Amino acid sequence: MTNRIAFQGEPGAYSHEACRDARPDMEALPCRTFEDVIEAVRTGEADLAMLPVENTTYGRVADIHRLLPHSGLHIIDEAFVRVHINLLAVPGATLSDVTEAHSHLVLLPQCEKFLRENNIRGRVSPDNARAAREVAEAGDIHSAALASELAGEIYGLDVLARHIEDHGDNTTRFLVMSPEADESRRGDQGMITSFVFQVRNIPAALYKAMGGFATNGVNMIKLESYMVGGRFTATQFYADIEGHPDDANVRLAMDELGYFTTNVEVLGVYPAARKRH
């Protein structure tokens, strides 16, 4: 065991924050891409992967659902990070000194009101933690970064303004992935089962496939579709349901799903995080 958990991004990214919150006893391993995160676990460089799947403001994270079924990894936990955005600058700088703020393209619009009120121009960076690092390296009092407080701690920056996001409910959901599945019942908030499936090419196949969950009283909390194989006609669905595969009603619903699908693959069985409730 390496006791490492891999994440995409530079030290100080929100994914790093998720690692620290969900697995504080593990060393966080930064990776360049989501594929690199998965590969780090496959090769044993890390024991777990922390992957963002959706955000309350911007929806699902591109490419993740495409990667999950072929990753060889299993979902064993979920984590939620409240995305607090802070204005970070080099020590000695004041808010009135700052004329431009660097961050990821997704974060800049979330602070539009604050930036406009303080006459600060937004500058796009590939990564918010990288922006913090580069601001620290440049040492310019007129340049700041929009990032997490963790990034400020890592790169020695001062927080000039905290929680400057326009909306107070921006949250990212992460999945903790492991090479080994864990279907044990655990946690005190109930269980979630995640799976992907493709429906048969028959009329109303999706409607019929979903009917088993309704008639058996299984609550489906997520259903998303996405294309596979570069074809508009090949659609795969990702679903989260409340319950464990050994629950009688879940078992019946999954059996019925099988009649109307070409394949079903369970990605993980894991406890619902307290944040969900």
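Our subject is the structure listed above.
In this report, the structure presented in the accompanying data block is examined. Treat the numbers as computed from the prediction; the structure is a model and nothing was measured.

**Concerning helix 5 (residues 128-138)**
Regarding helix 5, the residues found buried are Asn128, Ala129, Ala131, Ala132 and Val135. For helix 5, the buried positions fall inside an angular range of 155 degrees around the axis, keeping them on one side. In helix 5, the exposed positions that point more than 90 degrees away from the buried face belong to Glu137 and Ala138. Contacts from the buried residues of helix 5 go to helix 1 (14-22), strand 6 (86-89), strand 7 (100-103), strand 9 (143-147) and helix 6 (149-155). For helix 5, the capping residue at the N-terminal end is Asp127, with a side-chain oxygen 2.8 Å from the backbone nitrogen of Ala129.

**A few points about unusual backbone geometry**
In this structure, Asn119 is a non-glycine residue whose phi angle is positive, near 55 degrees. Secondary-structure assignment places Asn119 in the loop between helix 4 (112-117) and strand 8 (121-124). Note on Asn119: relative accessible area 67%, which makes it exposed. Even without a glycine there, the phi angle at Ala204 is positive, about 60 degrees. Mapped onto the elements, Ala204 comes out in the loop between strand 12 (191-199) and helix 7 (205-215).

What counts, and at which threshold
- Residues numbered from 1 in each chain as written.
- Predicted model: local features only at pLDDT ≥ 70, side-chain atom pairs only at ≥ 80, totals over all residues.
- Heavy atoms only, no water.
- Buried < 20%, exposed > 50% of the residue type's maximum accessible area, 1.4 Å probe, protein only.
- Helix = DSSP H or I, 4+ residues; strand = E, 2+ residues; numbered from the N terminus.
- Arc of directions from axis to C-beta.
- Contact = heavy atoms within 4.5 Å.
- Polar contact = N/O pair within 3.5 Å; in protein donor to acceptor, adjacent residues only side chain to side chain.

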